[in-house]
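Structure at a glance
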Amino acid sequence: MLIKKRTTNYKYLGMQMLYERLPNDHAMKSIINSKLKAAEAGIIGEATVENVFEKHDFPFNYNILHDVNLTSNGKFQIDTLFICQYFIVILECKNIVGKMYFESNPPCLKRELDSGKEDPIPFRSPEMQVDRSTYLLREWLNKRGINIPIVGVIIFSSTKSIVKKAPNHTAVIYASNIPVYIRKLQRQKEYLTVAQMKEVSEKIMQHDHPYIPYPMCKKWGIEPAELIKGVKCNKCGRFEMVKKSNGWNCSVCGNIDRLAHLFTVHEWFALVSHKITNKECRNFLCIESHQLASRILNSMNLSRKGKSKNTTHYILEWEKLDNWKGGIDEK
């Protein structure tokens, strides 16, 4: 049974917003672009694993949780968690194409491309990621009186990933082999009842919190003043929207959007700060009217401190920002 679907990837969205707001000649633009491509490949790989579970069933009770974020003696993220009465499986998903070499001294993953050249910078060791997640999940469960075997496995979503040197003690399989791999795991002893299995899944859901690495400028060492300002057009992607009586009008493609300001304020929170003043709103959205900025901020699901010109608006939960439905008086 699917208990938790994959949620919003805030890191990827944040990098995407940051990339688009940086001028083309910015020194960090190409670096962030490469990170974006890697993150996008990861998302595709995780979707491949999701698809496998959607198409296959197992002859025993089980729960599946995607994109689990917990805290034990450290924060940790698990791509996919398979829970049954007999064991728990941690699936670490990778979407990397080429010839793979799992090195142990120091731990890393090296890749040889079709050209025969080796990537100059190795990847983080998936085996160490699995080891860390296994250790921290076991600690998290033990604190709650739960003792059950945990198995970690590295998943390559593409058969174009060729393992030339395997890791020391962690299984590596293709996504298509997941059902066979899980069915072959030992099921001689039941460590949990069906009710306890459900309880464990519910506890994980209760303590799961998405990883939100905002504000991105601070994380990447970028000054907010270096960002391109203006309201973004959701049609052409340019920051050339102008506020008129009928809404925000794009001076490039002519698109009209009454609520274009919502995403732009969202960008401020993701890139610059968890709080915003009227002056900062005017500067970032490239508007002059103090009253218009006030109506924009007051229309959104934000908390407030201070009065009049000293009012500061603060972000609430990021999950709620995904469902912004506010508007402003268009007079």
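Remember, predicted model here, so these are calculated numbers, not experimental data. (Residues numbered from 1 in each chain as written. Predicted model: local features only at pLDDT ≥ 70, side-chain atom pairs only at ≥ 80, totals over all residues. Heavy atoms only, no water.)

Remarks on the sheet that holds strand 5 (residues 98-104)
- What the three strands build is an open sheet, ordered 6-5-8; its pairing is mixed. Each end of this open sheet is capped by a strand with a single partner; those strands are strand 6 (107-112) and strand 8 (161-165). Strand-to-strand twist in this sheet, taken as the mean axis angle between neighbours without regard to direction, amounts to 30 degrees.
- Relative to strand 8, strand 5 is paired through four bridges, and the arrangement is parallel. Directly across from Tyr101, in strand 8, lies its bridge partner Lys165. (Pairing = 2+ DSSP bridges. Helix = DSSP H or I, 4+ residues; strand = E, 2+ residues; numbered from the N terminus. Axes fitted to C-alpha atoms, helices over the stretch in contact; angles between N-to-C directions.)

Regarding the packing of helix 1 (residues 10-21) against helix 7 (residues 260-271)
- Orientation of helix 1 relative to helix 7, taken along the N-to-C sense of each, is 105 degrees, at an axis distance of 10 Å. Of the possible angle classes, the one that applies to helix 1 and helix 7 is roughly perpendicular. For the pair helix 1 and helix 7, contact is made by Gly14, Met17, Leu18 and Arg21 and by Phe263, Thr264, Glu267, Ala270 and Leu271, respectively.
- Its residues placed into classes, the contact of helix 1 with helix 7 shows five nonpolar, two polar and two charged. (Parallel < 35°, antiparallel > 145°, perpendicular 65-115°, else oblique. Contact = heavy atoms within 4.5 Å. Nonpolar A, V, L, I, M, F, W, Y, C, P; charged D, E, K, R; others polar.)

Considering the side chain of Glu92
- Turning to its location among the elements, Glu92 is positioned in strand 4 (residues 88-94).
- Here Glu92 falls in the buried class, since its relative accessible area comes to 5%.
- Reaching out from Glu92, the side chain makes a polar contact with the side chain of Gln129 at a distance of 3.4 Å.
- In contact with Glu92, other than residues within four places in its own chain, are Asp79, Pro126, Gln129, Val130, Val153, Ile154 and Ile155. (Buried < 20%, exposed > 50% of the residue type's maximum accessible area, 1.4 Å probe, protein only. Polar contact = N/O pair within 3.5 Å; in protein donor to acceptor, adjacent residues only side chain to side chain.)

Topic: the confidence of the model for the chain
- Summing up the model confidence of the chain, the mean pLDDT is 91 and the portion of residues at 70 or higher is 95%.
- Low confidence marks residues 322-331, where pLDDT is under 50. Its contacts with residues over four positions away, or in another chain, come to 27 contacts. (pLDDT = per-residue confidence, 0-100.)

With respect to the pairing of strand 3 (residues 75-84)
- Counted residue by residue, strand 3 has eight buried out of 10 residues, so it is predominantly covered.
- Alignment of strand 2 (residues 62-71) against strand 3, held across nine bridges, turns out to be antiparallel. Residue pairing for strand 3: Tyr62 is matched across the bridge by Cys84.
- Counting the residues between successive antiparallel strands, the hairpin from strand 2 to strand 3 contains three residues.
- Pairing of strand 3 with strand 4, which is carried by four bridges, proceeds in the antiparallel orientation. Note that in strand 4 the partner of Ile83 across the bridge is Ile88.
- Here strand 3 hands over to strand 4 after three residues, the two strands then running antiparallel side by side.

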